Every structure is written in structure tokens, then in C-alpha cells.
Amino acid sequence: MSTNNSQALTLASKQAGEISPSTLQETQQDNIFTVTEPRQVVIDPDGELHLTVGILDIVTFVVCPKTLARSSPFWKTLLYGGFAESIQPDGASNKEWVVRLPEDDPEAMEIFLNIVHGYFDKIPTSLDSKSSTGTPDHRYLYNLTVLTNKYDLTRILLPWARNWVKEIAKKVPLDTKTPDPSVTSLVEHLSWIAWELGDKTMFVKTVRYLILHSVTRKKGGLRHDYPSSLKLFSYNLEPTGLSSFIEDQRLEAIREMLEPVEDVVASLLRSSETTPGTVCSYNSREFECEMAMLGVIVHSLTPKGLYPIPKHRKISVSVMQLGYILKAIDCKSRVHGCDVYRDIRDEVCEVEGEVGTTLTQSHVQHLKAQAKKSGLAE
């Protein structure tokens, strides 16, 4: 059994005994939660198992335990492998066989269970029908892919995954130039959806957005580029190793952006009256020209906290914001008009265009394997 399955089994076993509607009713006295009576959804009229799903909006699903057990090793082990959940009440006791899954989303679970039980006519071919209920497309599919990952059943989405992903991609094109607080959860949701379904194109887009627009936190790690943002993936599932990858790629991009500026400044600082540098293209007053250029560059960088040029690890702004600053600096000498602006701008633009486009081998292999399961493989 995979590590993913064993971790989920442990979590499910803990959930079964530690959280109950009565516990939440007690908490309600503090006006923190408002708990409604669990509603019941019958997936299988002859089902013997009751899955109690959710924390606040609790739904009890009546399902066939053997159908679930046949769907994946996870369910077989959970229901018939000696865990607390596998203990069926004595028929004479008139008690129901209940398994509690408080962390799962009820709306997504209903679709998940209908697929597993073979009721394909109840599965929406378009996510628009789910959006009309108040759940955004990306959140609905995110919650569903959380379940397929947890229960190792990505393959059950094969008939619908391609169409669903196309719908979302059309509706939420990511603008990598401007950070938008409203897309914070959306970007993280899309990165997970792409990771679970194996959509490499969408995954690269979300990775690029996060690399370009993430800023450092005082307590370490990265956050989105607006003041009240928390650490990346604080509330959403993170594709394996993605935060570390984003942090490494961000630092490399910053280093590459600062490099042409550092080279120009270093060359200008080496210049002297007897040995002028290589920046001025004239044969007279080279030293004077280069010192004038150095002056305007320092004058442009200093108010932005970029002179003396800091180490790349000390840069707290986003890659995109640093790019705006570097593409706006004054590099023109007032002596001959020599200017290195175009060289710096071109290198900065090149870094911006390439950032995040090369994934690790493990990322590529995972996405390829998932695409085969979901039907997204080309």
C-alpha cells in the first residue's frame, strides 16, 4: 500500500473517534460554529454503510461498503482490514455502521460516490451546473481532486477530466504581469488540480505565477504579494515539493536579473583616467562619460534599496516587481549619451520569460503518470 494510503488511513481512523456532531454542538455555545442537523443522501438504497462527511454542513451518505472496497485498496483496508471503521455493529443491536470523514467536502464526496457506484448520469459534464450552486468551478474541482488523491482514485475522473480542465483554463487565464489578491486561492487550487490530473500546461502556468509574484515573509518562506497574505499553501494542499521549488527558482531569477547590473557597475568602478572601462563607446572623455553613467545608475538604484547591490537572498520584493524597477533605472551618461539600458532590459525580460518553464524531473514524471490515469495524456 502506498504511503499516501497509509497516511490517509491513519487520519481517517483518528477522525472516526475524535470529532462528532455533539462535540461541535458544544462548541456552538461559544458562537464559533453553527451546526445544522446532518442531512442524508442515499447513494445506494440497499447500502449498509453510513459515511458522515463534513464538519459544519454535515451530510450522511448511505453507500454499499463492498462497492467502495472494490474501488481501491484504501477502502478495502479501511472497511475490512481491522481498523476501528471496519467494526460492524451486531445486527441485533439495531445500530448503524458509521464511518466519520469530517475533513472531506460533502459536495465533492457526493460526486465521488456516484462515480464509484456507477451512477454516471448524475455526474455533471460541465462545471457550470455546479457553479450555479454557489461553488466556483476551481474550488469544486479542487475539492474533488483532493478526494481522488486521498483515496488513490484519480482514474475514476477519466471520462470528465479533460472537459472540466478546459472549462477552467478558459475562464481563469492567469495574468503573470499583475498580482491579484482575488486569485490567491485560485492559483493554489489550479496548481493542485493540475498536479493531480497531470495537466503540465496548467501546472507550468501556476508555477510561473507563483515564482513571479511571491515575496519573502519575515518569519521565513514565501507569501503572495499583498500585505495580509499568509505563507503559500497555508490553507490548500501543496503539490509535492512545490514551495521549495518556487523559492529556489525565485532566488535564481533574482540572481540572474541583478547580474547584468552588477557587471555594468563593476566595469564602471574599475574605470580610471588612465585605464577607462569598456562601457563608453567613444575615444575621448571615456572616464568622464563612465563616471557620469555610474552616477545616474547609483542615483536610480539607491532610493529602491538596490545600492550597494544586495545579495539576491536579501531581495524581499517579487521577481516581477524587481523587473519593473530594473527596467526603469536611468543608465544614460550625460557626457556622450552612452546607455546600457537596452542590454539590462533585454536580459531582465529574458529571465521573466523563462522563469518556471523548466520543471524538475520528478515533477515531469509525476505529471506524466497522472495524465495517464486521468485521460489527459496526449
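Provided above is the structure to which this section pertains.
Our subject in this report is the structure included herewith.

Looking at the overall build of the chain
Logical step 1: Helix and strand counts for the chain stand at 15 helices and six strands.
Logical step 2: Contacts in the chain between residues far apart in sequence, at least 24 positions, make up 65% of those at least 6 positions apart.
Logical step 3: When the accessible area of the chain is evaluated, it comes to approximately 19,300 Å², of which 49% is carbon and sulfur surface.

Here we look at unusual backbone geometry
Logical step 1: A cis amide bond links Tyr307 to the next residue, Pro308, at an omega of -5°.
Logical step 2: Inspection of the secondary structure assignment puts Pro308 in the loop between helix H12 (286–301) and helix H13 (319–326).
Logical step 3: You will see that Phe233, though not glycine, has its phi angle at about 60°, which is positive.
Logical step 4: Among the secondary structure elements, Phe233 is positioned in the loop between strand E6 (222–224) and helix H11 (242–270).
Logical step 5: The buried category is assigned to Phe233, whose relative accessible area is 9%.

Quick word on the side chain of Ser86
Logical step 1: Here Ser86 is to be found in the loop between helix H4 (73–80) and strand E4 (97–101).
Logical step 2: Separated by 3.2 Å, the side chain of Ser86 and the backbone nitrogen of Gly82 make a polar contact.
Logical step 3: For Ser86, the contacting residues outside a window of four places in its chain are Leu78, Leu79, Tyr80, Gly81 and Trp97.

Here we look at the sheet that holds E4
Logical step 1: If you walk across this open sheet you meet the four strands as E1-E3-E2-E4, and the pairing is mixed. Edge strands, defined here as strands with exactly one partner in the open sheet, are strand E1 (39–42) and E4. Here the average twist between neighbouring strands, direction ignored, is 25°.
Logical step 2: Inspection of the sheet shows strand E2 (residues 49–53) paired to strand E3 (residues 59–63) by five bridges, in the antiparallel sense.

Describing a negative patch on the surface
Logical step 1: On the surface, Glu262, Asp263, Asp339, Asp343, Glu347, Glu350 and Glu354 cluster together into a negatively charged patch.
Logical step 2: Broken down by secondary-structure element, the contributors of at least two residues to the negative patch are H11 and helix H14 (341–354).
Logical step 3: It is H14 that provides the largest number of residues to the negative patch, a total of four residues.
Logical step 4: With respect to the secondary-structure elements, Asp263 resides in helix H11.

Notes on the pattern of salt bridges
Close approach of charged atoms allows side chains with opposite charge to pair.
Logical step 1: The final tally for this structure, using the stated rule, is seven salt bridges.
Logical step 2: A salt bridge links Arg334 to Asp330; its shortest N-O distance comes to 2.7 Å.
Logical step 3: Residue classification places Arg334 among the exposed positions, given a relative accessible area of 56%.
Logical step 4: Linking Arg345 and Asp346 is a salt bridge whose minimum nitrogen-to-oxygen distance equals 3.1 Å.
Logical step 5: Through salt bridges that share partners, Glu252, Arg255 and Glu259 make up one connected network.

As for helix H15 (residues 361–374)
Logical step 1: A rise of 1.5 Å per residue sets the reference length of H15, with its 14 residues, at 20 Å; its end C-alpha atoms lie 20 Å apart and thus fit the reference within 8%.
Logical step 2: Among the residues of H15, His363, Leu367, Gln370, Ala371 and Ser374 are the ones counted as buried. One side of H15 carries all its buried residues, which in axial view fall inside an arc of 105°. Along H15, the residues that are exposed and aim more than 90 degrees away from the buried face are Gln361, Lys368 and Lys372.

So, the environment of Lys171
Logical step 1: Mapped onto the elements of the fold, Lys171 is located in helix H8 (residues 158–171).
Logical step 2: A relative accessible area of 44% means that Lys171 is categorised as partly exposed.
Logical step 3: Note: C-alpha distance between Lys171 and Asp137 (34 residues apart in sequence) is 9.2 Å.
Logical step 4: Apart from residues lying up to four places away in sequence, Lys171 is in contact with Asp128 and Asp137.

Side note on the packing of H13 against H14
How two helices sit against one another is set out by the angle between their axes and by the gap between those axes.
Logical step 1: Contact geometry for H13 and H14: axes closest at 10 Å, N-to-C directions at 165°. One way to sum up the angle between H13 and H14 is to call them roughly antiparallel. Here the hand of the crossing between H13 and H14 comes out left-handed. Residue-level contacts link Met320, Gly323 and Leu326 of H13 to Ile344, Val348 and Glu352 of H14.
Logical step 2: Classifying every residue of the contact of H13 with H14 by side-chain character gives four nonpolar, one polar and one charged.

Some thoughts on the packing of aromatic side chains
Logical step 1: Inspection of the entire model under this criterion finds nine aromatic pairs.
Logical step 2: Here the aromatic cluster, defined as three or more aromatic residues joined through ring pairs, consists of Phe74, Trp75, Phe112 and Tyr151.
Logical step 3: When the ring centre of Tyr119 is taken as origin, the NZ or CZ atom of Lys122, which lies over that ring, is 5.1 Å away.

Some thoughts on the state of the cysteines
Logical step 1: Scanning the model with the defined rule gives zero disulfides in all.
Logical step 2: Cys289 takes part in no disulfide bond, and the closest cysteine sulfur to it belongs to Cys280, at a distance of 3.7 Å.
Logical step 3: Given a relative accessible area of 0%, Cys289 falls into the buried group.

Rules used in this analysis
- Residues numbered from 1 in each chain as written.
- Predicted model: local features only at pLDDT ≥ 70, side-chain atom pairs only at ≥ 80, totals over all residues.
- Heavy atoms only, no water.
- Helix = DSSP H or I, 4+ residues; strand = E, 2+ residues; numbered from the N terminus.
- Contact = heavy atoms within 4.5 Å.
- Areas by Shrake-Rupley, 256 points an atom, 1.4 Å probe, with all protein chains shown as cover.
- Buried < 20%, exposed > 50% of the residue type's maximum accessible area, 1.4 Å probe, protein only.
- Polar contact = N/O pair within 3.5 Å; in protein donor to acceptor, adjacent residues only side chain to side chain.
- Pairing = 2+ DSSP bridges.
- Axes fitted to C-alpha atoms, helices over the stretch in contact; angles between N-to-C directions.
- Patch = residues over 30% accessible without salt bridge, like charges linked within 9 Å, V, L, I, M, F, W, Y side chains within 5 Å.
- Salt bridge = Lys/Arg side-chain N within 4 Å of Asp/Glu carboxyl O.
- Lys, Arg positive; Asp, Glu negative; His and termini not counted.
- Charge placed at Lys NZ, Arg CZ, Asp CG, Glu CD.
- Expected span 1.5 Å × (residues − 1).
- Arc of directions from axis to C-beta.
- Parallel < 35°, antiparallel > 145°, perpendicular 65-115°, else oblique.
- Left-handed = near helix turned anticlockwise from the far one by under 90°.
- Nonpolar A, V, L, I, M, F, W, Y, C, P; charged D, E, K, R; others polar.
- Phe/Tyr/Trp six-rings, centres within 6.5 Å; stacked < 30°, edge-to-face > 60°.
- Lys NZ or Arg CZ within 6 Å of the ring centre and 35° of its normal.
- Disulfide = S-S within 2.5 Å.

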